[in-house]
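Residue-level listing of the chains:
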Amino acid sequence: MSWKPTPASADRVRAKLDDEFETVAKPQGLRRSSDARREQEAAAPATPADQWQRSSEQRSATGRGRRAATSQRADKDVEDGVDGSTPAHDSTQARKGPSLKMRAVGYLSRREHAREELARKLSAYAEDAAEVDAVLDVLEKEGWLSTERFAQSLVHRRASRQGAARIVQELRQHGVDDNQVAELRDQLRATEYERALEVWKKRFDAKPEDRAVYAKQARFLASRGFAHDVIRRILGDGGDED
């Protein structure tokens, strides 16, 4: 015998099917509602707060782009050898100020210089020692630079105040040739006593009366580079100081 649904059981089946349909359909309905709200928000006019937020985001993006571009330029500068604003390979061309020769002529116009002395002064403005040597060779050839003339000038400036030993030491420090130093030393020794006597007279009024004063005057003359035998003559051990 076949089973036939009664009106009451049919109602229960329909109610159950309706419940299942609502359970399945509800999430889809929610998604459709969320999509609809987003579309409405996009279409609606932006509030001041929304505009400020969007502008802030745009400024941030622009700033990041500028920083990235600046970083790329800095990296390129490093690769190209830039240390400020001048490429490394153009440092010689960009060097400002007088040339080495003009600097040297300026020094020599004020007084005579030895070659080694002038080389030390020019080295601060030159790329290497070879560049300085080339300039000095030209100056010697043209007569601007003469170590021999410098030596004579130094002796002339020092002789009235210093003894032969101190002057000879300074000549050697400036790289004057040994042969010329020996010649100048002999000339100074020939006038050592007269020069030392003049220096002593300008500093002291009378000969020492005791050992303490003697030692003081002797130290003064020795510090000026005068020979010990000359000092003894001046201070009483010779009798020909007048």
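Residues numbered from 1 in each chain as written. Predicted model: local features only at pLDDT ≥ 70, side-chain atom pairs only at ≥ 80, totals over all residues. Heavy atoms only, no water.

What about helix α10 (residues 192–203)?
Link 1 in the chain: With 12 residues, α10 ought to run about 16 Å at 1.5 Å a step, and its terminal C-alpha atoms sit 17 Å apart, in line with that.
Link 2 in the chain: Its buried side turned inward, α10 meets α8 (164–173), α9 (178–190), α11 (211–223) and α12 (228–234). (Helix = DSSP H or I, 4+ residues; strand = E, 2+ residues; numbered from the N terminus. Expected span 1.5 Å × (residues − 1). Contact = heavy atoms within 4.5 Å.)

Re the packing of α9 against α10
Link 1 in the chain: With their axes 5 Å apart at the nearest point, α9 and α10 run at an angle of 60 degrees to one another. Regarding the angle of α9 to α10, the classification is oblique. Packed against α9, whose contacting residues are Leu188, Arg189 and Ala190, the element α10 presents Glu192, Glu194 and Arg195 at the interface. (Axes fitted to C-alpha atoms, helices over the stretch in contact; angles between N-to-C directions. Parallel < 35°, antiparallel > 145°, perpendicular 65-115°, else oblique.)

A few points about the pattern of salt bridges
Link 1 in the chain: Under the criterion given, the structure shown has 8 salt bridges.
Link 2 in the chain: Lysine 101 is paired through a salt bridge with glutamate 142; the nearest N and O atoms lie 3.1 Å apart. Of the two residues, lysine 101 sits in helix α4 (residues 100–110) while glutamate 142 sits in helix α6 (residues 129–142), which places them 41 residues apart along the sequence.
Link 3 in the chain: Taking the relative accessible area as the measure of exposure, glutamate 142 reaches 45% and is therefore partly exposed. (Salt bridge = Lys/Arg side-chain N within 4 Å of Asp/Glu carboxyl O. Buried < 20%, exposed > 50% of the residue type's maximum accessible area, 1.4 Å probe, protein only.)

Thoughts on the UniProt feature "domain: RecX second three-helical" (unreviewed entry) in the protein
Link 1 in the chain: Taking the numbering used here, the UniProt-annotated feature "domain: RecX second three-helical" (unreviewed entry) corresponds to residues 148–183.
Link 2 in the chain: Along residues 148–183 one finds 75% helix and 0% strand; the C-alpha atoms at either end are 11 Å apart. (UniProt positions renumbered as here; feature names shortened; annotations may be inferred.)

A short note on the confidence of the model for the protein
Link 1 in the chain: When the pLDDT values of the protein are averaged, the result is 76; 58% of them are 70 or greater.
Link 2 in the chain: Predicted confidence for residues 73–94 stays below pLDDT 50, and this span has 8 contacts to residues more than four positions away or in other chains.
Link 3 in the chain: Confidence drops under a pLDDT of 50 for residues 238–242, and excluding neighbours within four residues, the segment shows 11 contacts in the predicted structure. (pLDDT = per-residue confidence, 0-100.)

With respect to the side chain of glutamate 112
Link 1 in the chain: One can find glutamate 112 in the loop between α4 and α5 (115–122).
Link 2 in the chain: A relative accessible area of 19% places glutamate 112 in the buried class.
Link 3 in the chain: Within polar-contact distance, the side chain of glutamate 112 engages the side chain of arginine 149 at 2.7 Å.
Link 4 in the chain: In contact with glutamate 112, other than residues within four places in its own chain, are Glu117, Ser146, Arg149, Phe150 and Ser153. (Polar contact = N/O pair within 3.5 Å; in protein donor to acceptor, adjacent residues only side chain to side chain.)

Some thoughts on α4
In an α-helix there are 3.6 residues to a turn, and that puts residues three or four apart on one side.
Link 1 in the chain: For α4, the complete set of buried residues consists of Leu100, Ala104, Val105, Tyr107 and Leu108. Summarising the axial view, the buried residues of α4 lie within an arc of 160 degrees, below the 170-degree limit, and thus occupy one face. Looking at α4, the residues exposed on the side facing more than 90 degrees away from the buried face are Met102, Ser109 and Arg110.
Link 2 in the chain: The inward-facing, buried residues of α4 contact α5 and α6. (Arc of directions from axis to C-beta.)

Some details on the packing of aromatic side chains
Link 1 in the chain: One pass over the full model with this rule turns up 1 aromatic pair.
Link 2 in the chain: Measuring from ring centre to ring centre gives 5.5 Å for phenylalanine 204 and phenylalanine 220, while their planes differ by 85 degrees; the resulting arrangement is edge-to-face. With phenylalanine 204 in the loop between α10 and α11 and phenylalanine 220 in helix α11, this residue pair connects regions lying 16 residues apart in the sequence.
Link 3 in the chain: Relative accessible area serves as the criterion here: at 13%, phenylalanine 204 is assigned to the buried category.
Link 4 in the chain: Take phenylalanine 220: its relative accessible area is 11%, and that puts it in the buried class.
Link 5 in the chain: Over the face of the ring belonging to tyrosine 125 we find arginine 103, whose NZ or CZ atom lies 3.8 Å from the ring centre.
Link 6 in the chain: Looking at lysine 121, its charged tip hangs above the ring of tyrosine 107, at a distance of 5.0 Å from the centre. (Phe/Tyr/Trp six-rings, centres within 6.5 Å; stacked < 30°, edge-to-face > 60°. Lys NZ or Arg CZ within 6 Å of the ring centre and 35° of its normal.)

Concerning the packing of α4 against α6
Link 1 in the chain: Where α4 contacts α6, the two axes come as close as 10 Å, and the packing angle between them is 50 degrees. Here α4 is positioned oblique relative to α6, judged by the angle of their axes. For the element pair α4 and α6, the recorded crossing hand is right-handed. Of α6, the residues touching α4 (which contributes Leu100, Lys101, Ala104, Val105 and Leu108) are Glu131, Val135, Val138, Leu139 and Glu142. (Left-handed = near helix turned anticlockwise from the far one by under 90°.)

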